[in-house]
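A closer look at the structure
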Amino acid sequence: MSTHTGKGFGQNDPHVTKWSELVYKPKDAALDEIIRRSEAAGLPDIAVSSFDGLHLEVLVRASGAKKVVEVGTLGGYSGVCILRALPADGFLHTFEYSDKHAKVAQETFEKNGVASRVKIHVGPAADNLAQINQDGPFDVVFLDADKGGYPEYLAWAEEHLRVGGVLLADNAFGWGGVAREDDGGYPREQIAALRRFNERLAQGGRFRATMLPTAEGLAMGVKVR
Ligand SMILES: C[S@@+](CC[C@H](N)C(=O)[O-])C[C@H]1O[C@@H](n2cnc3c(N)ncnc32)[C@H](O)[C@@H]1O
């Protein structure tokens, strides 16, 4: 059974989670269909939670973004959330390592009527991000792929976001590992990379940044220089 819905949202109180869902309605039939089809295709159950999808849509709307970059497409769930926030002339470049995941995402974008406003770049993002350098500067960059790559993706975003642009990164708490001497049992190099990423975002001087305390930590920075 899918664990997609909550991921511990709502202070780990199921009543708070249920109440929040009733009031804010983070899910709908189209988003549920993406999760069902992704599971049927054998994709891992690691899309953003329904509330994180809604956070993304609202934050991208608030930023007034037209040009967005996502690292980590999976089946296109968060991509659809981002695309819902963009104006008709908005565009999303999304980067995905797996050809299998990219195929599901392409179907997602077609079914949701947004395929003309999104391009999936298949392969390692660290190699492929340079393909879009000339289309920048970008308004929002959302990181949700391999945690070991976050410092490199942040370095790219420092150069290719506009001043005033927004960096968002999911799983920034490293499932608790960033704060624990034993790394919480997660691979040491991934946790070390997440620590470097957070420290650079918060203290590197290019962003004014905070940590939104979602279930898994959504780091958010506005580029200031
Ligand atoms: C957590 S999932 C993304 C979930 C997606 N953002 C959503 O919420 O619908 C992470 C994705 O990143 C991809 N990935 C892992 N390493 C990558 C890399 N080096 N470059 C690009 N994508 C990568 C994985 O194949 C996986 O599909």
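All of the points below concern the structure found in this document. Fair warning: this is a prediction, and the values are worked out from it, not measured in the lab.

Overview of the nonpolar core
Within the largest apolar cluster, 32 residues are counted, with the highest numbers of intra-cluster contacts made by Val60, Val68, Tyr77, Ile82, Phe109 and Leu168. Elements supplying a minimum of two residues to this core: helix H2 (29-40), helix H3 (50-63), helix H4 (77-85), helix H5 (99-111), strand E3 (118-122), strand E4 (138-143), strand E5 (161-169) and strand E7 (218-223). Considering each element in turn, this core owes the most residues, six residues, to H4. Excluding residues that lie within four positions of it along the chain, Leu168 makes contacts with Leu56, Leu59, Val140, Val141, Phe142, Leu143, Leu218, Ala219 and Met220.

Description of the sheet that holds strand E1 (residues 67-71)
With mixed pairing, the seven strands of this open sheet are ordered in space as E3-E2-E1-E4-E5-E7-E6. With one partner strand each, in any of the chains shown, E3 and strand E6 (207-212) form the two edges of the open sheet. For this sheet, the mean inter-axis angle between neighbouring strands, taken without regard to orientation, is 15°. Direction of pairing for strand E2 (residues 91-96) relative to E3: parallel, over a ladder of five bridges.

Thoughts on the site of the ligand
Around the ligand, the surrounding shell holds 20 residues, and the nearest of these are Val48, Gly72, Ser78, Glu96 and His101. Ser78 has a polar side-chain atom sitting 2.7 Å from a nitrogen atom of the ligand. Here a nitrogen atom of the ligand and a backbone polar atom of Ala125 are 3.0 Å apart. Compared with its free state, where it exposes 600 Å², the ligand has 88% of that area covered by protein. Per-class residue counts for the shell around the ligand are eleven nonpolar, five polar and four charged.

Re the layout of surface pockets
Space inside the largest pocket adds up to approximately 480 Å³. Along the walls of the largest pocket sit 31 residues, with Ile46, Gly72, Asp144, Ala145 and Asp146 positioned nearest its centre. Taken together, the residues of the lining of the largest pocket sort by class into 14 nonpolar, nine polar and eight charged. Partitioned by chemical class, the residues of the lining of the second largest pocket number six nonpolar, six polar and no charged.

Basis of the calculations
Per chain, residues are indexed from 1 in the order of the written sequence. With pLDDT at 70 or above as the cut-off, local features in this predicted model cover only qualifying residues; side-chain atom pairs require 80 or more to be listed or tallied, and sums for whole chains, interfaces and linings still use all residues. The basis for the side-chain values is all heavy atoms of the structure; hydrogens and waters are excluded. Side-chain atoms within 4.5 Å link the members of a nonpolar core, which is a set of buried Ala, Val, Leu, Ile, Met, Phe, Trp, Tyr and Cys residues. With a 1.4 Å probe rolled over the protein chains alone, any residue whose accessible area is under 20% of its type maximum counts as buried; one over 50% counts as exposed, and the rest are partly exposed. In this description a helix means any DSSP run of H or I spanning at least four residues, a strand means any run of E spanning at least two, and both kinds are numbered starting from the N terminus. Residue contacts are counted whenever heavy atoms from the two residues lie within 4.5 Å of one another. The pairing criterion for strands is at least two bridges between them, as found by DSSP. The angle between two axes is taken between their N-to-C directions and runs from 0 to 180 degrees, where each axis is a line fitted to C-alpha atoms and a helix contributes only its stretch in contact. We call a residue near a molecule or strand whenever a single non-hydrogen atom of that residue lies within 4 Å of it. Two N or O atoms count as a polar contact when they lie within 3.5 Å, although within protein this holds only if one can serve as hydrogen donor and the other as acceptor, and sequence-adjacent residues are included solely when both atoms are side-chain atoms. Calculation of accessible area relied on Shrake-Rupley with a 1.4 Å probe; when residues are assessed, cover is drawn exclusively from the protein chains displayed. Under the convention adopted here, Pro, Cys and the residues Ala, Val, Leu, Ile, Met, Phe, Trp and Tyr are nonpolar, Asp, Glu, Lys and Arg are charged, and Gly plus all remaining residues are polar. Using a 1 Å grid laid over the protein atoms alone, points where a 1.4 Å probe fits but cannot get out form a cavity; open sets with protein on both sides within 12 Å along at least 5 of 7 lines form a pocket; any residue with an atom within 4 Å of a point counts as lining. Grid points are joined across faces, edges and corners, and a volume is the space filled by probe spheres set on the points.

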